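One-letter residues, chain by chain:
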Amino acid sequence: MTQDAYYRGDGVPRGDTALPEPPPWRTFPRNSAAGVFRPPAGLTEAVNAALALRRPLLITGGPGTGKSTVIEQVAAELGLGPVLLWHITSRSSLADALYRYDALGRIHAHRIQQEKAQAGGDAGVDDVAAFLTLGPLGTALLPSKRPRALLIDEIDKADLDLPGDLLDVLERGEFRITELMREEQHTARVRTWESDVRHAVEDGHVQCTEFPFIVMTSNGEQELPAPFLRRCVRYTMPKPTAALIRDVVHGHLGLEVGESGPTAELVDEFVRRVASGESVAVDQLLGTLHLLNGPARSQGTERERLIALLMKDLSGA
Ligand SMILES: Nc1ncnc2c1ncn2[C@@H]1O[C@H](COP(=O)(O)OP(=O)(O)OP(=O)(O)O)[C@@H](O)[C@H]1O
Ligand SMILES: [Mg+2]
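Keep in mind that what you see is a predicted model, and the values were worked out from it rather than measured.

Student: I'm lost on the nonpolar core in this one. Help?
Tutor: Taken as a class, soluble globular proteins show a tendency for nonpolar side chains to be buried jointly. Ranked by size, the top nonpolar core spans 40 residues in total, and within it W86, L137, I152, L166, I177, M216 and F228 carry the most contacts. For this core, the element with the most residues is helix α6 (residues 162-172), which contributes 5 residues. In this structure, L137 is in contact with W86, L94, A97, L98, L150, L166, V169 and L170, ignoring residues within four places of it in sequence. If you look at the next biggest cluster of nonpolar residues, it comprises 21 residues, including F270, V280, L285 and L289.

Student: Whenever I open this one, the pairing of strand β11 (residues 233-236) confuses me. Can you help?
Tutor: Burial along β11 is one-sided: the face carrying V233 and Y235 is buried and the face carrying R234 and T236 is not. One ladder, built from 4 bridges, connects strand β1 (residues 57-60) with β11; its direction is parallel. By the bridge assignment for β11, I59 is matched with Y235.

Student: Would you take a moment to explain the packing of aromatic side chains for this structure?
Tutor: Two aromatic rings, taken as a pair, are described by how far apart their centres are and by the angle between their planes. Under the criterion given, the structure shown has 1 aromatic pair. Ring centres 6.5 Å apart and planes at 15 degrees place the aromatic pair Y99 and F175 in the stacked group. Linking Y99 in strand β3 (residues 99-101) with F175 in strand β6 (residues 174-176), this pair joins segments that are 76 residues apart in sequence. Residues Y99 and F175 agree in their burial class; the two are buried.

Scoring rules and cut-offs
Every chain is numbered on its own, with residues counted from 1 as its sequence reads. Here every chain gets a letter starting at A, and every ligand a number starting at 1, in the order they are written. Only residues with pLDDT of 70 or above have their local features reported here, since the model is predicted, and side-chain atom pairs are shown and tallied only from 80 upward, although totals for entire chains, interfaces and linings are computed over all residues. Hydrogens and water are ignored here; the side-chain numbers use all heavy atoms of the structure. In this text, buried Ala, Val, Leu, Ile, Met, Phe, Trp, Tyr and Cys residues form a nonpolar core when linked through side-chain atoms within 4.5 Å. Note on classification: 1.4 Å probe, protein chains only; a residue is buried when its accessible area is under 20% of the maximum for its type, exposed when over 50%, partly exposed between these limits. Here a strand is any run of E in DSSP of at least two residues, a helix any run of H or I of at least four, and the numbering for each starts at the N terminus. Whether two residues touch is decided by their heavy atoms; if any such pair falls within 4.5 Å, the residues are in contact. In this scheme, strands are said to pair when DSSP sees at least two bridges between them. Centres within 6.5 Å make a pair out of two Phe, Tyr or Trp rings, where for Trp the six-membered ring is used; the pair is then stacked when the planes are under 30 degrees apart, edge-to-face when over 60, and tilted otherwise.

Shown next, in the form of structure tokens:
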């Protein structure tokens, strides 16, 4: 089977064309990468130092070096539960990551209650907790027996103030929900991030009992302030060795690369390009090997064209 077996560019409808099986990392719902991730040298020490010191781990490195995947393996190995994800953009705020209060929803519900009461019906109770949802950071700071795992992904994309705002919360491991304090509601059952679980919050005060295991990732687009860096364990993803890439390929594709042959040449070329400063990611290599060893088992110039298509340097467009 060659590359042009699906779309042929002739405009002839072939609605019954079967697509190939997706690569294992592109099936949905997503498979966990916990079993296939291979830590580069020094990463396990950095993770263990962060765990022992109860400090966030800041991982920097180029695109596709596995920064966002590390935490999945740590959480799976140590039974820390599903990873909470806070994906940072320039609009991210600390307040939203702690909790959100749906003030408009509450006003609307209040109006409906008033109408019901005027009509002589049961108006129900006005429960402020029904309009509160903890964000990923707020959920990670709930008291728990095991630390929760929290990925603060791409912290370098944040507004300049965010790292500073985060410092205090991470230092103290606590925050307050002012809406609950204002209402003097003693116990409120508040919805948690991306789950149906509600958690009791006393007097609007959330205090962690086990500091969460936090991984923050950065592509180095913005320098982070020294007071912030001082409170993190820092690790930079190293350039991959040939042995690590062979191991990664085996983990993802079940492919023994060996010392010679076309696959070994591709792997060695990838390692050489990364070592010389080019920006190519391991998932480009995995995708290429998946196609070359599966649906697009092609030879000669077709094979070369496919490699050129998929293994482009990431620093260009
Ligand atoms: N050491 C590794 N072992 C196994 N798989 C890896 C490794 N490094 C990268 N990968 C794979 O490469 C892909 C990209 O990884 P990931 O998204 O974690 O990279 P990233 O560093 O967060 O990239 P970006 O900066 O673009 O967000 C994933 O499918 C991951 O499984
Ligand atoms: Mg990432």
